[in-house]
Amino acid sequence: MLITTERLTLHAWSEDFLDDLFALAQLPETVRYVGTGKPWSREYTVGKHRATLAHWAEHGFGWFAVSAAPGSFDGVVSLVARNATESGLGFPAVEMGWWIAPSGWGRGYATEATTAVRDRVFESGWADRLLAVYEPVNKPSARVVEKLGFTPHSKFTLDGRVEQRAVLERPS
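Residues numbered from 1 in each chain as written. Predicted model: local features only at pLDDT ≥ 70, side-chain atom pairs only at ≥ 80, totals over all residues. Heavy atoms only, no water.

Chemist: How would you sum up the packing of aromatic side chains? Please name residues and give values.
Modeler: This structure, assessed with the given rule, holds nine aromatic pairs. An angle of 55 degrees between the planes, with centres 5.0 Å apart, marks the rings of W40 and W99 as tilted. Within this pair, whereas W40 is found in the loop between α2 (28-31) and α3 (42-59), its partner W99 is found in strand β5 (residues 93-100), the two being separated by 59 residues in sequence. Each member of the pair W40 and W99 is classed as buried. Look at F61 and W126: their rings are 5.4 Å apart centre to centre, the planes differ by 20 degrees, and that puts the pair in the stacked class. Of this pair, F61 sits in the loop between α3 and β3 (64-67) while W126 sits in the loop between α5 (109-124) and β6 (129-134), and the two are 65 residues apart along the sequence. (Phe/Tyr/Trp six-rings, centres within 6.5 Å; stacked < 30°, edge-to-face > 60°. Helix = DSSP H or I, 4+ residues; strand = E, 2+ residues; numbered from the N terminus. Buried < 20%, exposed > 50% of the residue type's maximum accessible area, 1.4 Å probe, protein only.)

What follows is the structure, encoded as structure tokens:
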């Protein structure tokens, strides 16, 4: 499955993207606001990769690799189905996240890629509700959340870091 925008191609996750994911997950500036904030081990990356492939098999959607040019790997837009407990909302949602490689920062790739995936989620009926979880101190991600139309829901602290949940309902 492909999603295309004016400048980007988003590819359904496949075996081909493991090494690219690992390389991206080694960059301290990329993982600074993800999980523990530390680069991922190879073992952890393989686990995430396998879980992503399994998610696609089970749900028919999941992570997308972002490419700005043929054969490039410029980031990820993730979709993960969360039940009412996992979402932290009290109701189910599909959590959307994103990483853009530093070489693509400041070019609008995150907004362009996430907008295209958001639209596909709602057009395809994959979900009626999207969830974004981000650190408010990550101003670029906070701007993407705002541009996409998410509404702040709740804040919580995880491992000493303040996290924000925001929700976007399918337009009527």
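Chemist: For the nonpolar core, give the residues involved together with the corresponding values.
Modeler: The biggest cluster of nonpolar side chains holds 47 residues, and the ones touching the most others in it are L10, W13, L79, V117 and L130. If you tally residues by element for this core, the top one is α5, at seven residues. In contact with V117, not counting residues within four places along its chain, are I3, L10, F64, V77, L79 and M96. (Core = buried A, V, L, I, M, F, W, Y, C linked by side-chain atoms within 4.5 Å. Contact = heavy atoms within 4.5 Å.)

Chemist: Break down a positive patch on the surface for me, with residues and values.
Modeler: Together, K139, R143, K147 and K155 make up a region of like positive charge exposed at the surface. The biggest single contributor to the positive patch is helix α6 (residues 139-148), with three residues. Tracing the backbone through its elements, the reader meets K139 in helix α6. (Patch = residues over 30% accessible without salt bridge, like charges linked within 9 Å, V, L, I, M, F, W, Y side chains within 5 Å. Areas by Shrake-Rupley, 256 points an atom, 1.4 Å probe, with all protein chains shown as cover. Salt bridge = Lys/Arg side-chain N within 4 Å of Asp/Glu carboxyl O. Lys, Arg positive; Asp, Glu negative; His and termini not counted. Charge placed at Lys NZ, Arg CZ, Asp CG, Glu CD.)

Chemist: Tell me about α3, and please be specific about residues and values.
Modeler: Its 18 residues place the ends of α3 25 Å apart at the C-alpha level, agreeing with the 26 Å of an ideal helix rising 1.5 Å per residue. T45, V46, H49, T52, H55 and W56 are the residues of α3 that are buried. Packing partners of the buried residues in α3 comprise β2 (9-12), α1 (18-24), β3 and β4 (75-82). (Expected span 1.5 Å × (residues − 1).)

Chemist: Which residues make up the packing of α5 against α6, and what values go with them?
Modeler: Closest axis-to-axis distance for the α5/α6 pair is 10 Å, and the angle between their directions is 40 degrees. As judged from the angle between their axes, α5 and α6 are oblique. Both α5 and α6 take part in a crossing whose hand is right-handed. Between α5, through A110, T111, T114, T115 and R118, and α6, the contact on the second element is made entirely by V144, K147 and L148. Counted by class, the contact of α5 with α6 contains three nonpolar, three polar and two charged residues. (Axes fitted to C-alpha atoms, helices over the stretch in contact; angles between N-to-C directions. Parallel < 35°, antiparallel > 145°, perpendicular 65-115°, else oblique. Left-handed = near helix turned anticlockwise from the far one by under 90°. Nonpolar A, V, L, I, M, F, W, Y, C, P; charged D, E, K, R; others polar.)

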